[in-house]
Amino acid sequence: MRQSNAYVLLFTAAMTIIIGGTLSVTNQVLKPAQMRSIELDSKTSILKAVMTINKGDDVLAIYKSQISGLVVDIDGQNIETDAKGAPIFADKVNILRNYKKDPKDREYPVYKFSSADNPGGVDAYIFPLYGSGLWNGIFGYVALEKDLNTIKGVSFGHVGETPGLGARISSPEIQDRYIGKTIFDENGTLTSVTMLKGEKRDPSAFGPHEVDGMSGATITAKGVNAMLDQYLHSYEKYIKSIKQQEEI
Amino acid sequence: MSTETLERAPVKEKEPLFSKRRKKIFSDPLNDDNPITVQVLGICSALAVTVQMKPTVIMAVSVVFVIVFSNLITSLIRDLIPNRVRIIVQLAIIATLVTLVSEVLKAYNYEMFKVLGAFVGLIITNCIVMGRLEAYAMGNSPKDSIIDGLGSGFGYAWIILTVAFFRELFGSGSVFNYPVFEKIGWASFPTNGLMVDSIGAFMVLGVLIWIQRTKTGYVEH
Amino acid sequence: MELLSLGIRSVFIDNIIFAYFLGMCSFLAVSKKVSTAIGLGAAVVFVLGITVPLNWLIQEYVLKLGAMSWISASFEEIDLEFLQYIMFIAVIASMVQLVEMIIEKFSPALYGSLGIFLPLIAVNCAILGGALFMVQRDYVLSEAAVYGVGSGAGFALAIVALAAIREKLKYSNVPDGLKGLGITMIITGLMGIAFKSFIGIAL
């Protein structure tokens, strides 16, 4: 009886229902906590580009009151809906998926940051980035000051760079090197900021568009340079349009 | 099915929870019959996550959880499972438990979830879990199966934690992200890039197996 | 060109054994003879080459958020990703069953020599791993197919190479504690270093 076809079918049907039920219930119960974790994670990365986040900070509240997002295309024009006609939100844009598209077709989120004592004004512009490191993807955010020229800060992450070498890009030590560097030269040409090869450790040795490199992590550094360069050029039209507006 | 029929008195006594037999079920996989070094199971995910101690601890806890509960569940329904779908049922039980672990991790420790990534799902294909179900849980009582699960789980855990300890110490100069060498005054400790890499893992594990097998006297032919 | 680069990367640099340690169990057990290793390698290429794109289709059209909107617009909000492990494993197990039946029919000799290891491909970390990495890296269908065949080829290459070395190792004097698993681990580590030499190659 135990081995008969009817029993096998009955057993498998029972198993399917029990398993399906258990997993569905778990999913429903845990979903709010999961969504919150994911939201917390991405919003913390965005904020890290402009401020230091400490353990007890209420990231979601800070983000809500100080960050506003919009999406633009390669020409700097606002995009309200995506390809399917649904409304588009800056934090819902999938950067990895967009990275695979041609730069002309991508959706480019922009986050405007207002510091605590300047609600309503814009103190920084934050742009998401994506690129390829040595092993896998590298990503992050670059924040520009109001003048849209000086870097306020960067925050980098990586999928699987080598700890102690390429993985250093997510350490404050490396990220702090970008603070204060400018992306436009005296003639107004966008030159981005380049990480040099090798590591001199003497901050005065670098120009306004250069930062010290990472010893032993040249390929990752090249990836970071390419990433910054490509995305800053993609946002260039948007940056120029904001600058024009300011001058009016 | 217990094989200890010799000492049975005419009136069947309840076996104490920590009987000698049960202790052996627990202790065998820790050393003599270690799932990784002797049975050659569960190597896959063992090596990839052992770059640092923290993810390794999460991995060890998750694996122990999955082995123990899949052993328990399988043992409870072992008389109900039709023979023809045995393997599939076992896989389904394991996959469900791993999904539970993954969902909980995603909700409450997203950072570790990102670090471990696909390797949480790969617990399903961890040969140790399937191996214990087939070799033990299918034919033994739930209580014994739990003990066997704990034994195999801990046997696996101590090996990967040891490998992780050395890999993090020599590869990144830290333990649990605490910069050990910096604190003892040797800030320019030359961290060994190989240790962080797959190669270091293979080497450390190979040496660990050598030491462990020499001590237990197990020789493979 | 991107696809070719991805393929070469999956075989040499992103090698599923040397870079991610997946598939070690059958790798260690079957790599004693070159002939069985070739058989297993071929089976893995076939299984990976089919299951990765197949799982991609399931992920894209059944599992992820809004995947089933092709059935009905009201399914836009449904996210079945929590069923991912179960579905992938089911697809893989069925596929392996199919491969087993095909091999038994066309080459009973190979079927005999592979023995228990053929059904064990289903629980081979490499197969599930391939599918999970494909999801993590957000490949499109063409990339998924190339990645599947590529990682299978990488696995096959590694296992045949290791088998060749182990056959020669039979004539060496390995200390007792290292015999078998220990020395294999160390050899695999050394092979891994050799494969690292492919890193700088850009296509």
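Residues numbered from 1 in each chain as written. Chains lettered and ligands numbered in written order. Predicted model: local features only at pLDDT ≥ 70, side-chain atom pairs only at ≥ 80, totals over all residues. Heavy atoms only, no water.

**As for the overall build of chain C**
Move 1: Per the secondary structure count, chain C includes eight helices and zero strands.
Move 2: Along its sequence from the N terminus, chain C presents helices and strands in the succession α-α-α-α-α-α-α-α.
Move 3: The principal-axis extents of the C-alpha atoms in chain C amount to approximately 70 × 45 × 30 Å.
Move 4: Here chain C holds 203 residues, and 53% of them are scored as buried. (Helix = DSSP H or I, 4+ residues; strand = E, 2+ residues; numbered from the N terminus. Buried < 20%, exposed > 50% of the residue type's maximum accessible area, 1.4 Å probe, protein only.)

**Quick word on the interface of chain A and chain B**
One frequently used descriptor of interface size is the decrease in accessible area upon assembly of the parts.
Move 1: Listed by partner, the interface residues are 18 residues for chain A and 24 residues for chain B.
Move 2: Both faces considered, chain A and chain B share a buried interface measuring about 2,000 Å² in area, 66% of it formed by carbon and sulfur atoms.
Move 3: Counting every contact that joins chain A to chain B gives one salt bridge.
Move 4: We note a salt bridge from Asp41 of chain A to Lys114 of chain B, for which the minimum N-O separation is 3.0 Å.
Move 5: Counting across the interface, chain A meets chain B through five residue pairs in polar contact (both at pLDDT 80 or more). (Contact = heavy atoms within 4.5 Å. Buried area = accessible area lost by both parts, 1.4 Å probe. Salt bridge = Lys/Arg side-chain N within 4 Å of Asp/Glu carboxyl O. Polar contact = N/O pair within 3.5 Å; in protein donor to acceptor, adjacent residues only side chain to side chain.)

**A look at the environment of Glu39 of chain A**
Residues and elements named next belong to chain A.
Move 1: Take Glu39: it is sitting in helix 1 (residues 5-48).
Move 2: Considering only alpha carbons, one finds Glu39 and Lys55, 16 residues apart in sequence, at a separation of 16 Å.
Move 3: A distance of 2.7 Å separates the side chain of Glu39 from the side chain of Lys43, its partner in a polar contact.

**Looking at helix 4 (residues 84-106) of chain C**
Move 1: Spanning 23 residues, helix 4 of chain C covers 33 Å between terminal C-alpha atoms, matching the ideal 33 Å at 1.5 Å per step.
Move 2: Of all the positions in helix 4 of chain C, only Gln84, Tyr85, Phe88, Ile89, Val91, Ile92, Met95, Val96, Val99, Glu100 and Ile103 of chain C are classed as buried.
Move 3: Those residues of helix 4 of chain C that are buried are in contact with helix 4 (86-108) and helix 6 (118-121) of chain B together with helix 3 (34-63), helix 5 (108-114) and helix 6 (125-136) of chain C. (Expected span 1.5 Å × (residues − 1).)

**Here we look at the nonpolar core**
As a rule of thumb, nonpolar side chains are buried together in soluble globular proteins.
Move 1: Counting 122 residues, the largest nonpolar core has Ile43, Ile124 and Leu205 of chain B together with Leu22, Met24, Ile121 and Met185 of chain C as its most contacted members.
Move 2: Excluding anything up to four places from it in sequence, Leu205 of chain B contacts Ile36, Ile43, Leu47, Ile159 and Val163 of chain B together with Met185 of chain C.
Move 3: Listed in part, the 38 residues of the second largest apolar core include Leu70, Val110, Val154 and Tyr178 of chain A. (Core = buried A, V, L, I, M, F, W, Y, C linked by side-chain atoms within 4.5 Å.)

**Observations concerning the interface of chain C and chain B**
Move 1: Facing 40 residues of chain C, the contacting portion of chain B comprises 40 residues.
Move 2: When the area that chain C buries against chain B is broken down by residue, the three leading residues are Phe21, Tyr85 and Leu181 of chain C, summing to 21%.
Move 3: Summed over the shared surface of chain C and chain B, the result is zero salt bridges.
Move 4: Linking chain C with chain B are zero residue pairs in polar contact (both at pLDDT 80 or more).

**Let's talk about the packing of helix 3 (residues 53-76) of chain B against helix 8 (residues 142-172) of chain B**
To characterise two packed helices, one gives the angle between the axes of the helices and the distance between these axes.
Residues and elements named next belong to chain B.
Move 1: One way to put it is that helix 3 packs onto helix 8 with a least axis distance of 8 Å and a crossing angle of 165°. Considering the angle they form, helix 3 stands roughly antiparallel to helix 8. Of the two elements, helix 3 crosses helix 8, and the hand of that crossing is right-handed.
Move 2: Its residues placed into classes, the contact of helix 3 with helix 8 shows 20 nonpolar, seven polar and two charged. (Axes fitted to C-alpha atoms, helices over the stretch in contact; angles between N-to-C directions. Parallel < 35°, antiparallel > 145°, perpendicular 65-115°, else oblique. Left-handed = near helix turned anticlockwise from the far one by under 90°. Nonpolar A, V, L, I, M, F, W, Y, C, P; charged D, E, K, R; others polar.)

**Some remarks on the pattern of salt bridges**
Move 1: One pass over the full model with this rule turns up 17 salt bridges over all chains.
Move 2: Here Lys100 of chain A and Glu143 of chain C are joined by a salt bridge, their closest N and O atoms 3.6 Å apart. You can see Lys100 of chain A sitting in the loop between helix 3 (95-99) and strand 2 (108-113) and its partner Glu143 of chain C sitting in helix 7 (residues 141-169), one on each of two chains.
Move 3: By relative accessible area, Lys100 of chain A is classed as partly exposed at 38%.

**Notes on the pairing of strand 4 (residues 137-145) of chain A**
Residues and elements named next belong to chain A.
Move 1: Across the nine residues of strand 4, seven count as buried, placing the element largely inside the fold.
Move 2: Bridge analysis of strand 3 (residues 124-132) against strand 4 gives nine bridges, and the strand direction is antiparallel. Across the sheet, the residue bridging to Tyr125 is Leu144, located in strand 4.
Move 3: Hairpin remark: strand 3 followed by strand 4, antiparallel, with four residues in the connecting loop.
Move 4: Where strand 4 lies against strand 5 (residues 151-158), seven bridges are found, and the strand directions are antiparallel. Residue pairing for strand 5: Ala143 is matched across the bridge by Gly153.
Move 5: What sits between the antiparallel neighbours strand 4 and strand 5 is a turn of five residues, in which Leu148 has the positive phi angle 55°. (Pairing = 2+ DSSP bridges.)

**Some details on the sheet that holds strand 2 of chain A**
Neighbouring strands of a sheet are bound in pairs by backbone hydrogen bonds; such pairs are parallel or else antiparallel.
All names here are of chain A.
Move 1: Pairing is antiparallel across the open sheet formed by five strands, whose spatial order is 1-2-3-4-5. Each having just a single partner strand, strand 1 (67-72) and strand 5 make up the two edges of the open sheet. Taking the axes of each pair of neighbouring strands and ignoring which way they run, one obtains an average angle of 25° across the sheet.
Move 2: Strands in contact with helix 2 (residues 59-66) are strand 1 and strand 2; relative to strand 1, the strand with the most contacts, it is inclined by about 65°.
Move 3: Against the sheet, helix 5 (residues 218-234) contacts strand 2, strand 3, strand 4 and strand 5, and its axis sits at roughly 130° relative to strand 3.

**Some words on the packing of aromatic side chains**
Here the distance between the centres and the angle between the planes together describe a pair of aromatic rings.
Move 1: Counted by the stated rule, this structure contains 19 aromatic pairs over all chains.
Move 2: Where Tyr108 of chain A meets Tyr231 of chain A, the ring centres are 6.2 Å apart and the plane angle is 80°; that geometry is what we call edge-to-face. Residue Tyr108 of chain A is located in strand 2, and its partner Tyr231 of chain A is located in helix 5; the two are separated by 123 residues in the primary sequence. There is no split in this pair, since Tyr108 of chain A and Tyr231 of chain A are both buried.
Move 3: Each ring, one from Phe18 of chain C and one from Phe195 of chain C, has its centre 4.8 Å from the other, and the planes form 40°; the classification is tilted. Separated by 177 residues along the polypeptide, Phe18 of chain C in the loop between helix 1 (2-13) and helix 2 (24-30) and Phe195 of chain C in helix 8 (residues 181-196) bring together distant segments of the chain.
Move 4: Taken together, the ring pairs in this structure connect Tyr108, Phe127, Tyr231, Tyr235 and Tyr238 of chain A into an aromatic cluster. (Phe/Tyr/Trp six-rings, centres within 6.5 Å; stacked < 30°, edge-to-face > 60°.)

**Considerations on helix 11 (residues 198-216) of chain B**
Residue and element names in this part refer to chain B.
Move 1: In a regular helix each residue adds 1.5 Å, so 19 residues correspond to 27 Å; helix 11 covers 27 Å between its end C-alpha atoms and thus fits that length.
Move 2: Along helix 11, the positions that sit buried rather than exposed are Ser198, Ile199, Gly200, Ala201, Phe202, Val204, Leu205, Gly206, Leu208, Ile209, Gln212 and Arg213.
Move 3: Trailing helix 11 by a residue or two, Gly217 shows a phi angle of about 80°, which is positive.

**Quick notes on the packing of helix 11 of chain B against helix 8 of chain C**
Move 1: Running from amino to carboxyl end, helix 11 of chain B crosses helix 8 of chain C at an angle of 165°, the nearest separation of the two axes being 8 Å. On the basis of their axis angle, the class for helix 11 of chain B and helix 8 of chain C is roughly antiparallel. When the axes of helix 11 of chain B and helix 8 of chain C are compared, the crossing they make is left-handed. Together, Ser198, Ile199, Phe202, Met203, Leu205, Gly206, Ile209 and Arg213 of chain B of helix 11 of chain B and Leu181, Gly182, Met185, Ile186, Thr188, Gly189, Leu190, Gly192, Ile193 and Lys196 of chain C of helix 8 of chain C make up the contact between the two elements.
Move 2: For the contact of helix 11 of chain B with helix 8 of chain C, the per-class residue count stands at ten nonpolar, six polar and two charged.

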